[in-house]
Amino acid sequence: MAKKSYSFYPGCSSQKAASASNYQVSVDAMCQELDIELNEIPDWNCCSASIGYAGGGELPRLALSARNMALSEQAHPDQDIVATCAACWLATRETQERLGEDDELLAETNQALAEAGLKLKNDKKIRHMVEVLIEDIGYEELGKHVKKPLEGLKIAGYVGCQTNRPFGIHGESFENPKYLDKMIETVGAEACNDYEKKVSCCGGALAFSEPEKSQALIKDILESAYDNGADMIVTPCPVCQMNTEVYQDQINAKYGTKFKMPVVYYSTLLSVAYGKSAKECGLDGQVIRARQLEEIAGK
Amino acid sequence: MSDYNQQMIEKYRGNFLKEVEANVEEGDWVKMCMQCGVCSGSCPLGPHWEHPPQEIFMMIRANKREDILSSSSMWMCTSCYNCIARCPRGLPITHIMHGLATYAKRLGLAPKEQPTAKFAQLFWDNLTKTGRVNELKLGLSLYFMNGFGEGIKTALKMKDVGLGMLKTKRMTPMEMLGGHKCKDVKGLQAMLKKAEELEEARIGKRG
Ligand code: SF4
Ligand code: SF4
Ligand code: SF4
C-alpha cells in the first residue's frame, strides 16, 4: 500500500512526559509499520476539552479548535486532520459542524482568528485515528502485518463515551460498537463479547474534581471486565485509559477489591502484534504492567 | 449579587425561557423538549444531580431562575453524550448543560464551592496562559484549590498515583519550569480576547 499522510493533532496529553505519552509512542510504532505519516500541526494549541466552559464562552472555545484547523489548512492543505485523543477529536469535529451550520459564527470566528493572522475555510475532514485504521487501512490489511499473534489473551474492549457518542465510528451502533472487538480478534486475541460496561462513562474529567463519585463508575467498568474473564482492558481514549488504570489502588482500598488489571491502547496491541519491542510499544508507560504483552514483545 | 445579574433580571422580567434562548449556548432548543425523561435516566452521575436535565428544562419554563442557576446540577455533567444519543427530539443537551453552567458563572450565581466549577476554571486559566495544558501545574493547583491544609491531605492521598505516573515518565517535575507551550501565545491570547468581545456584543444585541 502507498504511504498515507495526515495532518496530526496530538493534543496535550500526548506530549512528552504527559499522561498519555505512552499512547503516542505506540501510535508511532504502529504507524511506522502501516506506512502512515503523521505531520504534526505546527504550533497547535489545546482544544479546551470538554470542560473549557467554566472559563470560556462558546466563541472563545470554538476559536481554539478553529486555530488548529486553520493552521492545518495552511501547513497541510490536502490532508485530513487526525486526532488520537477522543476529546480533541470531538471538540474539533463539533467546531467544524457548528461553524459549517452557522455563517455568522464562522464570520466571527474568522474575525477572532485574524488577530492571530489566520483564516479558516473549514473544509477539512476531522478524523479519529481509529477511523483511519478501519476505513483507510481496513481490518484485513491490519491483520496482514501481524507477526506475533496475541494468542491466549482475553481482552475487554472498553470504548467509553466520546469515541462513541455523539459521532461514533461510521457503521457502528452507540449501544454495542464492535470495532475494538474486531481489532482484538485481528491481532489474534479473544474479545469479551458480552462486556456490559463497554460504553459506560468513567467520569471523564470529573475523575479529578469528583474522585469518589467517578471511582464508583470506574469500579463497575473494571468489575465487568474482571467478571468476563479479561486479562486486560483496551481503550481508544487517553482519559479512559488513565481513569481506569491509575485509580485501581484507591478503588481496592475503598471497596476491598483486588484489581490489578492492565489497561492498554489499541495501538499498544497492534504494535506488539507487529513485533515491535516493549519500549517501542510504550509498555514501560504502564502504571500497571502488562506482563503478558511484555512477554510476547520480548520473544 | 452582580450588576449583570440585576440587569438580566430587569431585562427579562420573569421570562426565563426567553433569557435562556438569548443567552445560553444552544438555548433556543429548550422549547423543543417534550419531557419524556430519557435524558434524566442517562447521566452517569445521575443520583448526584439535584435537578436532572429533564427537570431543568421544565423548571426553565416555570421560571425557576435562581434555583437552576445556583444549582450544582449542571456541573455534574461528565460530557458522556448519552443524552444526545438518545433524546427523541434531538436536543443538544450536553451543550445546553455546559451553556447553563457558563451563564451561571457569568452572572455570579454558580455555587462557590463546586469542585468541578473550580477545576474547570483552573483548567481554562492553565491552557490560556501558554496555549497548552501543563498537567503538573494543573494537578497541583487542583490539589491545593481548597486551601493549603486540604491540599496537603489530597496530595498525600494522590501521592501513589503521582509516583506511578512519574516512574513511567507520564509526568515530569520539569513542567514546573515552563514545560509545553505554543510559540504564538500572543496571537492566541489576542484571538481569545477578540472572541470574548464579539460574543459579548452579540449577546447584548439579542433578546
Ligand atoms: S469514558 Fe470517560 S474518558 Fe472515556 S470518553 Fe467517556 S468520559 Fe471520556
Ligand atoms: S430526552 Fe430530550 S425530549 Fe426527553 S426530556 Fe430529555 S431533553 Fe426532553
Ligand atoms: S452528557 Fe451530561 S447531561 Fe448528558 S447524559 Fe452525560 S452527564 Fe448527563
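Residues numbered from 1 in each chain as written. Chains lettered and ligands numbered in written order. Predicted model: local features only at pLDDT ≥ 70, side-chain atom pairs only at ≥ 80, totals over all residues. Heavy atoms only, no water.

When you look at helix H6 (residues 93-107) of chain B in this model, what are you seeing that I'm missing?
Structural remark: α-helix, 3.6 residues per turn; residues separated by three or four positions point the same way. Residue and element names in this part refer to chain B. The end-to-end C-alpha distance of H6, which contains 15 residues, comes to 21 Å, matching closely the 21 Å that a straight helix rising 1.5 Å per residue would cover. Within H6, 13 of the 15 residues are buried, which leaves it mostly tucked inside the rest of the structure. Just downstream of H6 lies Gly108, where phi reads positive at about 80°. (Helix = DSSP H or I, 4+ residues; strand = E, 2+ residues; numbered from the N terminus. Expected span 1.5 Å × (residues − 1). Buried < 20%, exposed > 50% of the residue type's maximum accessible area, 1.4 Å probe, protein only.)

I would appreciate a short explanation of the domain arrangement of chain A in the present structure.
Interfaces are often sized by the amount of accessible area the parts lose when they come together. Residue and element names in this part refer to chain A. When cut into domains, chain A gives domain 1 (4-129) and domain 2 (148-298). Summing both sides of the interface, domain 1 and domain 2 together bury roughly 2,100 Å²; the carbon and sulfur share of this comes to 67%. At the boundary of domain 1 with domain 2, the tally comes to one salt bridge. Linking Lys276 and Glu33 is a salt bridge whose minimum nitrogen-to-oxygen distance equals 3.8 Å. Taken together, domain 1 and domain 2 are joined by five residue pairs in polar contact (both at pLDDT 80 or more). Taken together, the elements giving at least two residues each to the side of domain 1 that touches domain 2 come down to helix H1 (21-34) and helix H3 (86-101). In terms of residues, the side of domain 1 that touches domain 2 owes the most to one element, H1, which gives ten residues. Class assignment for the residues of the side of domain 1 that touches domain 2 results in 14 nonpolar, eight polar and four charged. (Domains from an automatic or database assignment. Buried area = accessible area lost by both parts, 1.4 Å probe. Salt bridge = Lys/Arg side-chain N within 4 Å of Asp/Glu carboxyl O. Polar contact = N/O pair within 3.5 Å; in protein donor to acceptor, adjacent residues only side chain to side chain. Nonpolar A, V, L, I, M, F, W, Y, C, P; charged D, E, K, R; others polar.)

Where do I start with the interface of chain A and chain B in this structure?
If you look at the interface, chain A gives 66 residues, while chain B gives 62 residues. Three residues stand out in chain A for area buried against chain B, namely A:Asp43, A:Tyr53 and A:Ala54, and they jointly supply 11% of the buried area on that side. Linking chain A to chain B there are four salt bridges. Taken together, chain A and chain B are joined by 19 residue pairs in polar contact (both at pLDDT 80 or more). Of the residues forming the side of chain A that touches chain B, the biggest block, seven residues, is contributed by helix H2 (residues 58-75) of chain A. Among the residues forming the side of chain A that touches chain B, the class breakdown is 30 nonpolar, 20 polar and 16 charged. (Contact = heavy atoms within 4.5 Å.)

I tried to follow the site of ligand 2 on my own but got confused; where do I start?
The environment of ligand 2 is formed by 13 residues, the closest being B:Cys33, B:Cys36, B:Gly37, B:Cys39 and B:Cys87. Considered class by class, the residues forming the shell around ligand 2 number ten nonpolar, three polar and no charged. (Near = heavy atom within 4 Å.)

Is there a simple way to explain empty space enclosed by the protein in this structure?
Over the atoms rolls a probe the size of a water molecule, and its path tells where empty space is left. Under the definition given, this model contains four cavities of 30 Å³ or more. Its volume calculated, the largest cavity comes out at about 250 Å³. The wall of the largest cavity is formed by 21 residues, among which A:Ala49, A:Arg61, A:Ala91, A:Glu94 and B:His95 lie closest to the centre. Going through the elements one at a time, H2 and H3 of chain A together with H6 of chain B are the ones with two or more residues in the lining of the largest cavity. Ranked by residue count, the leading element in the lining of the largest cavity is H3(A), at six residues. Partitioning the lining of the largest cavity into residue classes produces nine nonpolar, seven polar and five charged. (1 Å grid on protein atoms, 1.4 Å probe; cavity = no way out; pocket = protein on both sides within 12 Å on 5 of 7 lines; lining within 4 Å. Points joined across faces, edges and corners; volume = space filled by probe spheres on them.)

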